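Fold and contact review
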Amino acid sequence: MTQAILTPDTASEAGDGTQIGGQSKKVFVKTYGCQMNVYDSERMGDALTRDGYQTVDTVEAADLVLINTCHIREKAAEKVYSQLGRLAKLKKQRKADGGDLMVAVAGCVAQAEGREIIRRAPVVNVVIGPQTYHRLPEALAKARQGESVVETDFPTEDKFDGLPTTPEKAIRARGVAAFLTVQEGCDKFCTFCVVPYTRGAEVSRPVDRILSEAERLASAGVREITLLGQNVNAWHGKGADDREWGLGELVRRLATIDGIDRIRYTTSHPRDMDDALIEAHRDLPELMPYLHLPVQSGSDRILKAMNRRHTAAEYVKLVERIRAARPDIALSGDFIVGFPGETDADFEDTMQLVREVNYASAFTFKYSIRPGTPGADMDNQVDEAVKTERLARLQDLINEQTRAFGRECVGRTVDLLLEKPGRNTDQLIGRSPWLQPVIVDAKLGKIGDIIRVRITQPGTTGLFAEIAE
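Here the residue numbering is sequential within each chain, running from 1 through the sequence in written order. Thresholds applied to this predicted model are a pLDDT of at least 70 for local features of residues and 80 or more for the giving and counting of side-chain atom pairs; totals over whole chains, interfaces and linings are not thresholded and use all residues. Note that the side-chain values use all heavy atoms of the structure and ignore hydrogens as well as water.

**Side note on the pattern of salt bridges**
Cut-off, in case you're wondering: Any carboxyl oxygen of Asp or Glu within 4 Å of a side-chain nitrogen of Lys or Arg constitutes a salt bridge here. Only DSSP runs of H or I with at least four residues qualify as helices, and only runs of E with at least two residues qualify as strands; both kinds are numbered from the N terminus onward. Three exposure classes are used, based on accessible area relative to the maximum for each residue type with a 1.4 Å probe and protein chains only: buried under 20%, partly exposed in between, and exposed over 50%.
For the structure shown, the criterion picks out 33 salt bridges. Across the salt bridge formed by Arg-390 and Glu-342, the nearest N and O atoms sit 2.9 Å from each other. Within this pair, whereas Arg-390 is found in helix α15 (residues 384–409), its partner Glu-342 is found in the loop between β14 (330–337) and α14 (344–357), the two being separated by 48 residues in sequence. Taken as a pair, Arg-390 and Glu-342 share a single burial class, namely buried.

**Considering the nonpolar core**
As a reminder of what qualifies: To define a nonpolar core, start from buried Ala, Val, Leu, Ile, Met, Phe, Trp, Tyr and Cys residues and group those joined through side-chain atoms within 4.5 Å. We call two residues contacting when some pair of their heavy atoms lies within 4.5 Å.
Residues Leu-227, Leu-254 and Tyr-359 are the most contacted members of the largest nonpolar core, which totals 58 residues. When residues in this core are grouped by element, the largest group, seven residues, is from helix α13 (residues 312–325). The contacts of Leu-254, once residues within four sequence positions are left out, are Ile-210, Leu-211, Ala-214, Ile-225, Leu-227, Ile-260 and Ile-263. Val-29, Tyr-53, Ile-128 and Ala-139 belong to the second largest nonpolar core, which has 24 residues in total.

**Observations concerning the packing of helix α11 (residues 275–283) against α13**
Basically, it comes down to this: The convention used is that axes are lines fitted to C-alpha atoms, helices contributing only their stretch in contact, and that angles between N-to-C directions extend from 0 to 180 degrees. Each residue gets one of three labels, nonpolar for Ala, Val, Leu, Ile, Met, Phe, Trp, Tyr, Cys and Pro, charged for Asp, Glu, Lys and Arg, and polar for the others, Gly among them.
Two numbers describe how α11 lies on α13: the axes approach to 8 Å, and their chain directions differ by 35 degrees. Counting all contacts with α11, which are made through Asp-275, Ile-278 and Arg-282, the residues of α13 involved are Leu-318, Arg-321, Ile-322 and Ala-325. In the contact of α11 with α13, the residues fall into four nonpolar, no polar and three charged.

**Observations regarding the sheet that holds β14**
Our working definition: Strand pairing requires that DSSP identify at least two bridges connecting the strands.
An order of β13-β14-β15 is seen for the three strands of this open sheet, with the pairing classed as parallel. A single partner strand is all that each edge strand has here, and the edge strands are β13 (290–292) and β15 (361–366). Strand-to-strand, the axes of this sheet are offset by a mean angle of 10 degrees, without reference to chain direction. Sheet analysis places β13 next to β14, joined by three bridges and oriented parallel. From the neighbouring strand, Tyr-290 faces β14, where its bridge partner is Ala-330.

**Some points on the sheet that holds strand β16 (residues 413–421)**
With mixed pairing, the five strands of this closed barrel are ordered in space as β16-β17-β18-β20-β19. Strand-to-strand twist of the sheet, defined as the mean angle between neighbouring strand axes without regard to direction, takes the value 55 degrees.

**So, the confidence of the model for the chain**
Just so we agree on the cut-off: As a per-residue measure, pLDDT reflects the predictor's confidence and takes values from 0 up to 100.
Overall, the predicted model of the chain reaches an average pLDDT of 90, with 93% of residues at or above 70. In this model residues 1–22 is a low-confidence stretch, pLDDT under 50, and it forms 47 contacts with partners more than four residues away in sequence or in other chains.

**Thoughts on the environment of Thr-413**
Looking at the secondary structure, you find Thr-413 in strand β16. For the pair Thr-413 and Glu-469, spaced 56 residues apart in the sequence, the C-alpha separation amounts to 9.5 Å. Once you skip the residues sitting within four places of it in the chain, Thr-413 turns out to touch Arg-452, Val-453, Arg-454 and Ala-468.

**Some details on the pairing of strand β4 (residues 64–69)**
Across the six residues of β4, six count as buried, placing the element largely inside the fold. Of the two faces of β4, the one lined by Leu-64, Leu-66 and Asn-68 and the one lined by Val-65, Ile-67 and Thr-69 are each fully buried. In this sheet, strand β5 (residues 102–107) lies alongside β4 in parallel orientation, the contact comprising six bridges. Note that in β5 the partner of Leu-64 across the bridge is Met-102.

Written out as structure tokens, the structure reads:
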């Protein structure tokens, strides 16, 4: 869970319309889920800043609570309703004290549940989906007139055209590493996944819009960008010459922007990992040697049932090609255990693939039913106790590989982008090229610096380093 921050500095640039009843409007934003949801919260924050809102750090101080939701985790909708139940009590108390509280629900749960959210939780004033959040200020204006607003269609207009340009002060407040959405939606229709239903069909942003946003980020001091997409390596945006670019070509162009020193992207599909992108990993020092490439299962039978459209052997061969191009690359992945019909033999195939690939990190999940997806109606649902036991075994293996990768990093000399203060006042934290947190002495630089360090020891959640001689 991530709380998105709009600083008072950014809110001060909003201009007119900054008051309700003589008081400044205040918003509390709570974000659940992936990096794309963090990015979406930031862009909704930009729209609210233009509408005169300032962000506060507590629900109690807010006039508006915005919950940006995720539908990937188990029982995601129920967790949202639980949160809304607590807000209903606060809203009732606020009214008793002569005030008011508006509540908006955004994101994938909003898209999936729609008007059902308002039916079950009348405390909600606005429900707005991932493709319509550029309409949030207008939706709030309608809600202030007493209307319950549900905006969950897939509009023909580009939502990015309806969003304000992020002020430089806001970019600086968010840090020296930033997210940049280049692609949304998915056409793969994996049978376990709700994304095609909540985020819609695959859409790629045009080259000029991406470059313009990246240049603004760089001019405000951002040194690392992470390109985001539900299926980011399927991006195929149109350039100024009306020719379609692929992600490899886009990364090459982004690497030429003055100030952008590091580039990452997530999340990828194995079928869209083309030669041009692999060659970009080979050629570009700005493209970090880290790749999140989900496979989900090591069993061909389960992969087919998941509609992944690749085999385990094809995935392993792809990994070999990537490592041949960039030998120091670190691999991350996603795995689902207990998909309907998964046998002990299928699970052992997954364990064998993990041993063969040898991941630096991975995310592991028990399969959970998502209503409306084909997997929800499949026979042979796996017993919960079996899923739990398999998940524990898989996670133990992944943890072992992650620890081994951390030990292998000791002694390496790397460039480190200092991103934020550490837990202790005498520490700063950066990210290694392989995305691990690295802790250094605060005297070695300031946030935004890229310093040359030597990894000295692994920690429980990251690495420690000292200045390289």
